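This is what each chain is made of:
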Amino acid sequence: MKVLVAVKRVVDYNVKIRVKTDGTDVETTGVKMSMNPFDEIAVEEAVRLKESGAAEEIVAVSLGVSQAQETIRTALAMGADRGIHVETDAVLEPLAVAKLLKALVEKENPDLVVMGKQAIDDDSNQTGQMLAALLGWPQGTFASKLELVDGKANVTREIDGGLETVGLNVPCVVSTDLRLNEPRYASLPNIMKAKKKPIDKLTTDELGVDVAPRLEVLGVEEPAGREAGVIVADVAELVNKLKNEAKVI
Ligand code: AMP
């Protein structure tokens, strides 16, 4: 089985996000970037499939600026075999990403695509679903468990009432939820080995995909700051304020 894993370079989850002064986007200059956390879980799951003997090859794919190669290297250090970098400076919306991934799937013919349920920068939660629709493949979204049994992918999903398990024919698309696994840290020897693993480079034109944006961002704003608190003298004053100022009781 061949597994394709999509890994996105995003602002590190520990960074306090700042909005650009012109209100067009969040600031990324001089900001620590890392692999999207849900994609780390996707890579980990693919590596576990390989370690269990269920998968033979893992291809890590990232689309974006030249530094996205670092994200692919991280996936290679975790255990992916090779990488594909579609280099572009364009802002990629989920539909463009899904179309590019579709073109790569048609080139690579994987049996399974594993990706994050959501990128923590745009919080779209759309790309996996769009990819499955474009390919006409079954999808198992928000996987908290993945098992390959008799040529089928059984995906367990946390839903409101409990756990749902869906059986998907392969090839299929699986998107990862937080509780699927705990991603490993790459060891130093594996980081060194990853430097020698191949990364192919492609352009959006070579894949024949028009990545022009379909959406217009009207503005990006910081959330409203928290107002300072006040210390009240007694319960009567508190009740009075809750009733007449906050109007919550
Ligand atoms: P989204 O729909 O934007 O929330 O992203 C969902 C998932 O799609 C991510 O967790 C990634 O696995 C994949 N993805 C989105 N954008 C990219 C990208 N530029 N390169 C590689 N994978 C991506």
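Note: the structure precedes this text.
Residues numbered from 1 in each chain as written. Predicted model: local features only at pLDDT ≥ 70, side-chain atom pairs only at ≥ 80, totals over all residues. Heavy atoms only, no water.

**Quick look at the overall build of the protein**
Each helix and strand counted, the protein has 6 helices and 11 strands in total. A principal-axis box enclosing the C-alpha atoms of the protein has dimensions of 70 × 45 × 40 Å. The 249 residues of the protein split such that 40% are buried. Pairs at least 24 apart in sequence give 70% of the contacts found in the protein among residues at least 6 apart. Taken as a whole, the protein presents about 14,200 Å² of accessible surface, with 51% of it coming from carbon and sulfur. Seen as two clouds, the 30 positive and the 40 negative side-chain charges of the protein have centres 3 Å apart. (Helix = DSSP H or I, 4+ residues; strand = E, 2+ residues; numbered from the N terminus. Buried < 20%, exposed > 50% of the residue type's maximum accessible area, 1.4 Å probe, protein only. Contact = heavy atoms within 4.5 Å. Areas by Shrake-Rupley, 256 points an atom, 1.4 Å probe, with all protein chains shown as cover. Lys, Arg positive; Asp, Glu negative; His and termini not counted. Charge placed at Lys NZ, Arg CZ, Asp CG, Glu CD.)

**A few points about the layout of surface pockets**
Here the second largest pocket is characterised by a volume of approximately 530 Å³. In terms of lining, the second largest pocket is formed by 18 residues, of which the most central are S34, M35, E40, T74 and Y185. With 4 residues, helix α2 (residues 68–78) is the largest single contributor of residues to the lining of the second largest pocket. Classifying every residue of the lining of the second largest pocket by side-chain character gives 8 nonpolar, 4 polar and 6 charged. (1 Å grid on protein atoms, 1.4 Å probe; cavity = no way out; pocket = protein on both sides within 12 Å on 5 of 7 lines; lining within 4 Å. Points joined across faces, edges and corners; volume = space filled by probe spheres on them. Nonpolar A, V, L, I, M, F, W, Y, C, P; charged D, E, K, R; others polar.)

**Some words on the site of the ligand**
Not every one of the 18 residues close to the ligand is listed here, only the nearest: D39, A119, N125, Q126 and T127. Between N36 and the ligand, the recorded distance is 3.0 Å, taken from a side-chain N or O atom to an oxygen atom. For the ligand, whose unbound accessible area comes to 490 Å², protein coverage reaches 98%. Looking at the shell around the ligand, the elements with two or more residues in it are β4 (57–64) and β6 (112–116). Broken down by element, the residue count for the shell around the ligand peaks at 3 residues, all from β4. Here the shell around the ligand is built from residues that sort into 7 nonpolar, 8 polar and 3 charged. (Near = heavy atom within 4 Å. Polar contact = N/O pair within 3.5 Å; in protein donor to acceptor, adjacent residues only side chain to side chain.)

**Focus: the pattern of salt bridges**
For the structure on display, the rule yields 17 salt bridges. Between K2 and E108 there is a salt bridge, with the nearest N and O atoms lying 2.8 Å from each other. Of the two residues, K2 is situated in strand β1 (residues 2–6) and E108 in helix α3 (residues 94–108); the sequence distance between them amounts to 106 residues. Assessed through its relative accessible area of 17%, K2 is described here as buried. (Salt bridge = Lys/Arg side-chain N within 4 Å of Asp/Glu carboxyl O.)

**Remarks on the nonpolar core**
In this structure, V3, V5, V43, A75, L112, L146 and V174 are the most contacted members of the largest nonpolar core, which totals 33 residues. Looking at this core, the elements that each hand over two or more residues are β1, α1 (37–51), β4, α2, β6, β7 (139–149), β8 (152–159) and β10 (172–176). Residue contacts for V174: discarding those within four places in its chain leaves L112, V113, V114, M115, G140, A143, L146, V155 and L168. In this structure, V59, A96, L104 and A132 belong to the second largest nonpolar core, which totals 27 residues. (Core = buried A, V, L, I, M, F, W, Y, C linked by side-chain atoms within 4.5 Å.)

**Observations regarding α2**
For α2, every residue scored as buried is listed here: A68, T71, I72, A75, L76, A77 and M78. Directly after α2, the chain includes G79, whose backbone phi takes a positive value near 140°.

**Some points on empty space enclosed by the protein**
Across all of its chains, the model carries 2 cavities of 30 Å³ or more by this definition. The computed volume of the largest cavity comes to approximately 60 Å³. As for the largest cavity, its lining consists of E93, L95, A96, K99, D210, V211, A212, P213 and R214. Taken together, the residues that form the lining of the largest cavity break down as 5 nonpolar, no polar and 4 charged. A volume near 30 Å³ is recorded for the second largest cavity. Forming the walls of the second largest cavity are V11, V15, K16, I17, R18, V26, E27 and V31.

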